[in-house]
Amino acid sequence: MPVDLRCALFYSGKDIFKNRKIFIIITLSIILATANIIVINGLINGMIEDLVDNTVESSVGHLNIYPDNNERFIEGIGIKEQRLAALKEVEAYSPRISATGVLSNKELSVSNTILALDPDKERKTTKLLEKLIRGVAVNSNDKNAILVSSRLAEDLKLDVGDEATLAFENGIIKVYTVKGIVRTGNLDFDSSTIIMPINEAYRQLAIDNMASVILIKLSDKSMTEMYRPIIMQNLDVNNIKTWKEETEFISNFANSWRSISSIISGVGLIAAAISVGIVIYINVIHKKRQIGIMKAIGTNNAFIFTVFLMEAAIFGVIGVSIGDFLGYLAIKYFEANPFYDAISQTWISAKFESRLFYIVTIVSFVVTILAGVYPAIKASRVEIIKAIWGT
Amino acid sequence: MEIIKTSNLKKSYMLGKVEVKALNGVDTSVEQGEFVAIMGPSGCGKSTFLNLAGMLDTPTSGEIYLEGNDVTNMNSNTRAEYRLKYIGFVFQFFNLFNELTVMENVMFPMMLNKLSDYKDRSKELLNLVGLGDRLHHLPSELSGGQQQRVTIARSLANNPKILLADEPTGNLDTKSSIEIIELFRKLNQEREQTIVMVTHSPEIGGMADRILHFRDGTIENI
Ligand SMILES: Nc1ncnc2c1ncn2[C@@H]1O[C@H](COP(=O)(O)OP(=O)(O)OP(=O)(O)O)[C@@H](O)[C@H]1O
Ligand SMILES: [Mg+2]
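Residues numbered from 1 in each chain as written. Chains lettered and ligands numbered in written order. Predicted model: local features only at pLDDT ≥ 70, side-chain atom pairs only at ≥ 80, totals over all residues. Heavy atoms only, no water.

Asker: Can you break down the overall build of chain A residue by residue, with the values?
Answerer: On a plain count of helices and strands, chain A comes out with 14 helices and 14 strands. Computed over its C-alpha atoms, the radius of gyration of chain A comes to 32 Å, more than 25% above the 21 Å expected for a compact globule of 391 residues. For chain A, the spread of C-alpha atoms along the principal axes amounts to about 100 × 50 × 35 Å. Looking at chain A as a whole, 50% of its 391 residues qualify as buried. In chain A, the proportion of contacts linking residues at least 24 apart, taken out of those at least 6 apart, comes to 79%. Approximately 18,500 Å² of chain A is accessible, and the part contributed by carbon and sulfur atoms is 60%. Of the side chains in chain A, 40 bear a positive and 40 a negative charge, and the two mean positions are spaced by 12 Å. (Helix = DSSP H or I, 4+ residues; strand = E, 2+ residues; numbered from the N terminus. Rg over C-alpha atoms; globule rule 2.2 N^0.38 Å. Buried < 20%, exposed > 50% of the residue type's maximum accessible area, 1.4 Å probe, protein only. Contact = heavy atoms within 4.5 Å. Areas by Shrake-Rupley, 256 points an atom, 1.4 Å probe, with all protein chains shown as cover. Lys, Arg positive; Asp, Glu negative; His and termini not counted. Charge placed at Lys NZ, Arg CZ, Asp CG, Glu CD.)

Here's what the structure looks like:
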């Protein structure tokens, strides 16, 4: 005789709603566990997306040419730039030099990355120079001006108009005036970068016609794979990375973050599931006699098992769907209303991802149901005679 | 027609290493439409017999026939289905589902048996036992005698061939006991319901068609 699900549901429903307080508390724990996972992951997704956006906007081009292995610089960039300019889909390009230095203001000093670029070319390629929070950008012929990233400026107590001493890696020391403060939202960049015109870097480092990287902007971001071999051939370069490859480290980093947060949220979910299991288990113990009567009336073991598993399922369906709903609302709220995080000095918003949503729903539901398995087995094994005679 | 027949029915329990012979060779039969009382001293095997006849338990040896079918070795799922369709139980202590209303208690076996008119039928049965005005009460809101009447209504839900009652009045005062037993009489006479009832009370036993006297796991011939 197959289990009559309607009858099982009829009884489970009556049984589960009989004690409202317990029902509400247990359901609440599932709701919170589910909503928590959705919100946390939504916020991580939001942060990751912002990070990728910021990085793509200010630190990388659609395609990025790097020196060959074992070389520090790309040489002969003059010719390469001419060839780039001739390519139809290349909208703009910007060679950059990166070097290291130590910036000091009175007793304070911090080692930093010197990013040297041609402001005019850079403007056409990235939005880096739009990220000024104070002051103005450097010009290509500025000789004594630099831009300082926001956290570096804070650490050195520098502001627009202040003077700071920069020691280059070759030992040259020169005083510069801070012309502007830059903030990109990328923590790494913001904490230790100064920007200067590329010509000034050439002069101080005694080099010319070189670059550490050439950022390229294509007319279409999605053409990178197609264009990479063309540029390799035309410019005779070997080492080109797409913006996706450049931001890969962010997704790797995000995934490890996600694993950690999943473990933490998983603990909450399991705690909720265990409480479901315990409540049903206690119920089974209290109900032995009624279970015996139910069997005497003519239900089989499979039916009894189904009744109590169904109780877990009811907790699951109600808890998970409300949790889903609240989690969804919270994510939509944070999508529309990002909040400011003082520690990372960034705006944090959330990102809704339906795949994640489905996974959380299924996992929460399955975990809750699993919690009902043991009590349900226990119930199905109640012996009629013993139960009815109360032994 | 013999609706219940047992042949050399034995049941023993192991209490530690000691074998307790609860039934020691019971040969008996109950006819369709009979109202039989089982009496005898405590521990003589009355409940054990009823549990075996009701397919709640399996014998150590011997055979049980219900309507001529050997049901001794049926598997537990088949026995459950058989109980649902053909047997009604009333036990001494109150056996209702606390979280279901009176009417739901009576409906439940009919739902299990996939009857469609369970609402009307449960109202009819509750009218029959005189509780037509308590349909939506919870068992805890009824007196002991009323609860026992609900149990009887529930036991009749699927029109069982056999109604088995183990000391159905054991927990009730005299007035309620008489009401119950009169209900049994009525069911037996008006609906030709076969009833096998265990009781300790000679007056109540006396209202049955026939009394089976049990002693030490067997039936005494008086
Ligand atoms: N589950 C069990 N385990 C061990 N012994 C049992 C068990 N059930 C019954 N017995 C024993 O079997 C014998 C018969 O018990 P049973 O319950 O059938 O007696 P009874 O005639 O119904 O008694 P009462 O009038 O007190 O209800 C008793 O000696 C009892 O102790
Ligand atoms: Mg007994």
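Still to come is the rest of the account.
Asker: Account for the side chain of lysine 131 of chain A, naming residues and giving values.
Answerer: Residues and elements named next belong to chain A. Among the secondary structure elements, lysine 131 is positioned in the loop between helix 4 (119-125) and strand 5 (132-135). For lysine 131, a relative accessible area of 16% corresponds to the buried category. Here lysine 131 is in contact with Asn54, Glu57, Ser58, Ile181, Val182, Arg183 and Thr184, once residues within four sequence places are set aside.

Asker: Can you break down the packing of helix 1 (residues 5-17) of chain A against helix 12 (residues 301-336) of chain A residue by residue, with the values?
Answerer: Helix packing geometry: the angle between the two helix axes and the distance between the axes. All names here are of chain A. For the pair helix 1 and helix 12, the least separation of the axes is 8 Å and the interaxial angle reads 60°. Taken as axis vectors, helix 1 and helix 12 run oblique relative to one another. Here helix 1 runs over helix 12; the crossing is right-handed. Contacts between helix 1 and helix 12 involve Leu5, Cys7, Ala8, Leu9, Tyr11, Ser12, Gly13, Asp15, Ile16 and Phe17 on the former and, on the latter, Phe303, Thr306, Val307, Phe308, Met310, Glu311, Ile314, Phe315 and Ile318. Looking at the contact of helix 1 with helix 12 residue by residue, the classes come out as 14 nonpolar, 3 polar and 2 charged. (Axes fitted to C-alpha atoms, helices over the stretch in contact; angles between N-to-C directions. Parallel < 35°, antiparallel > 145°, perpendicular 65-115°, else oblique. Left-handed = near helix turned anticlockwise from the far one by under 90°. Nonpolar A, V, L, I, M, F, W, Y, C, P; charged D, E, K, R; others polar.)

Asker: Give a detailed account of the site of ligand 1, specifying residues and quantitative values.
Answerer: Residues and elements named next belong to chain B. Lining the immediate environment of ligand 1, one finds 13 residues, of which Ser42, Gly43, Lys46, Ser47 and Thr48 sit closest. Taking lysine 46, its side chain carries an N or O atom lying 2.7 Å from an oxygen atom of ligand 1. Secondary-structure elements contributing two or more residues to the shell around ligand 1 are strand 1 (2-15), strand 2 (18-31) and helix 1 (46-53). For the shell around ligand 1, the element with the most residues is helix 1, which contributes 3 residues. (Near = heavy atom within 4 Å. Polar contact = N/O pair within 3.5 Å; in protein donor to acceptor, adjacent residues only side chain to side chain.)

Asker: Summarise the sheet that holds strand 10 (residues 218-220) of chain B; cite the residues concerned and give the values.
Answerer: All names here are of chain B. Spatially, 6-7-8-3-9-10 is the arrangement adopted by the 6 strands of the open sheet, whose pairing is mixed. Only two strands of the sheet have a single partner each, and these edge strands are strand 6 (87-90) and strand 10. When strand polarity is set aside, the average angle formed by the axes of neighbouring strands in this sheet is 25°. Across 4 bridges, the pairing between strand 3 (residues 35-39) and strand 8 (residues 194-198) is parallel. Looking across to strand 8, one finds that valine 36 is bridged to valine 196. Most of the contacts of helix 2 (residues 76-86) go to strand 6, to which it runs at about 80°, and overall it touches strand 6 and strand 7 (162-166). (Pairing = 2+ DSSP bridges.)

Asker: I'd like a description of the packing of aromatic side chains, backed by residues and values.
Answerer: Inspection of the entire model under this criterion finds 18 aromatic pairs over all chains. Ring geometry for tyrosine 328 of chain A and phenylalanine 357 of chain A: centres 6.2 Å apart, planes at 65°, overall edge-to-face. Note that tyrosine 328 of chain A is positioned in helix 12 and phenylalanine 357 of chain A in helix 13 (residues 354-380), a separation of 29 residues in sequence. On the basis of relative accessible area, tyrosine 328 of chain A is assigned to the partly exposed category, the value being 31%. Judged by its relative accessible area of 16%, phenylalanine 357 of chain A is buried. Considering the side-chain rings of tyrosine 333 of chain A and phenylalanine 334 of chain A, the 5.6 Å spacing of their centres and the 70° angle between planes classify their relative orientation as edge-to-face. Here the aromatic residues Phe10, Tyr11 and Phe303 of chain A together with Phe97 and Phe108 of chain B are joined through ring pairs into a cluster of three or more. Across the ring face of tyrosine 66 of chain A, the terminal group of lysine 241 of chain A is positioned such that the distance to the ring centre comes to 5.4 Å. (Phe/Tyr/Trp six-rings, centres within 6.5 Å; stacked < 30°, edge-to-face > 60°. Lys NZ or Arg CZ within 6 Å of the ring centre and 35° of its normal.)

Asker: Any details on the domain arrangement of chain A? Residues and values, ideally.
Answerer: Domain boundaries assigned for chain A yield domain 1 (5-55 + 249-389) and domain 2 (61-246). Each of domain 1 of chain A and domain 2 of chain A was reduced to a C-alpha centroid, and the two centroids are 50 Å apart. (Domains from an automatic or database assignment.)

Asker: Please provide a residue-by-residue account of the nonpolar core, values included.
Answerer: Generally speaking, a soluble globular protein has its nonpolar side chains buried in company with each other. If you look at the biggest cluster of nonpolar residues, it comprises 115 residues, and the most contacted ones within it are Phe108, Leu126 and Phe184 of chain B. The element that contributes the greatest number of residues to this core is helix 12 of chain A, accounting for 10 residues. Each residue touching phenylalanine 108 of chain B, except ones within four places of it in the same chain, is listed here: Cys7, Phe10, Tyr11, Met294 and Phe303 of chain A together with Phe97 and Leu100 of chain B. Membership of the second largest hydrophobic core comes to 44 residues, among which are Ile74, Val90, Ile114 and Ile198 of chain A. (Core = buried A, V, L, I, M, F, W, Y, C linked by side-chain atoms within 4.5 Å.)

Asker: Please give an account of the sheet that holds strand 1 of chain B that cites residues and values.
Answerer: Residue and element names in this part refer to chain B. Read across the sheet, 4 strands follow the order 2-1-4-5 without closing on themselves; strand pairing throughout is antiparallel. Only two strands of the sheet have a single neighbouring strand rather than two, namely strand 2 and strand 5 (69-70). Helix 1 rests against strand 1, strand 2 and strand 4 (61-66) of the sheet, and its axis sits at about 120° to strand 1.

Asker: Residues and numbers for unusual backbone geometry, please.
Answerer: Residue and element names in this part refer to chain A. You will see that lysine 157, though not glycine, has its phi angle at about 55°, which is positive. With respect to the helices and strands, the residue lysine 157 is situated in the loop between helix 5 (150-155) and strand 7 (163-168). Residue lysine 157 is classed as exposed on the basis of its relative accessible area, which comes to 62%.

Asker: Could you give an account of a negative patch on the surface, with specific residues and numbers?
Answerer: On the surface, Asp68, Glu71, Glu75 and Asp236 of chain A cluster together to form a negatively charged patch. The partly exposed category is assigned to glutamate 71 of chain A, whose relative accessible area is 48%. (Patch = residues over 30% accessible without salt bridge, like charges linked within 9 Å, V, L, I, M, F, W, Y side chains within 5 Å. Salt bridge = Lys/Arg side-chain N within 4 Å of Asp/Glu carboxyl O.)

Asker: I'd like to hear about helix 6 (residues 174-191) of chain B, residue by residue, with values.
Answerer: If you check helix 6 of chain B, its first and last C-alpha atoms are 25 Å apart, about what 18 residues at 1.5 Å a residue would give, namely 26 Å. Backbone geometry just after helix 6 of chain B places glutamate 192 of chain B at a positive phi near 50°. (Expected span 1.5 Å × (residues − 1).)

Asker: Tell me about the interface of chain A and chain B, and please be specific about residues and values.
Answerer: At the interface, 25 residues of chain A touch 29 residues of chain B. In this structure, the connection of chain A to chain B is made through 4 salt bridges. Measuring nitrogen to oxygen at the nearest pair gives 2.8 Å for the salt bridge that ties lysine 287 of chain A to glutamate 99 of chain B. Taken together, the elements giving at least two residues each to the side of chain A that touches chain B come down to helix 1, helix 11 (288-297) and helix 14 (384-388) of chain A. The element best represented in the side of chain A that touches chain B is helix 11 of chain A, accounting for 7 residues. Looking at side-chain class alone, the side of chain A that touches chain B contains 13 nonpolar, 4 polar and 8 charged residues.

Asker: Describe the packing of helix 3 (residues 102-112) of chain B against helix 5 (residues 144-155) of chain B, listing the residues and the values that go with them.
Answerer: Residue and element names in this part refer to chain B. Running from N to C, helix 3 and helix 5 point in directions that differ by 25°, and their axes come no closer than 8 Å. It follows that helix 3 is roughly parallel to helix 5 by the angle criterion. Our pair here, helix 3 against helix 5, has a crossing hand that is right-handed. Seen from helix 3, the contacting residues are Val102, Asn105, Val106 and Pro109; seen from helix 5, they are Val150, Ala153 and Arg154.

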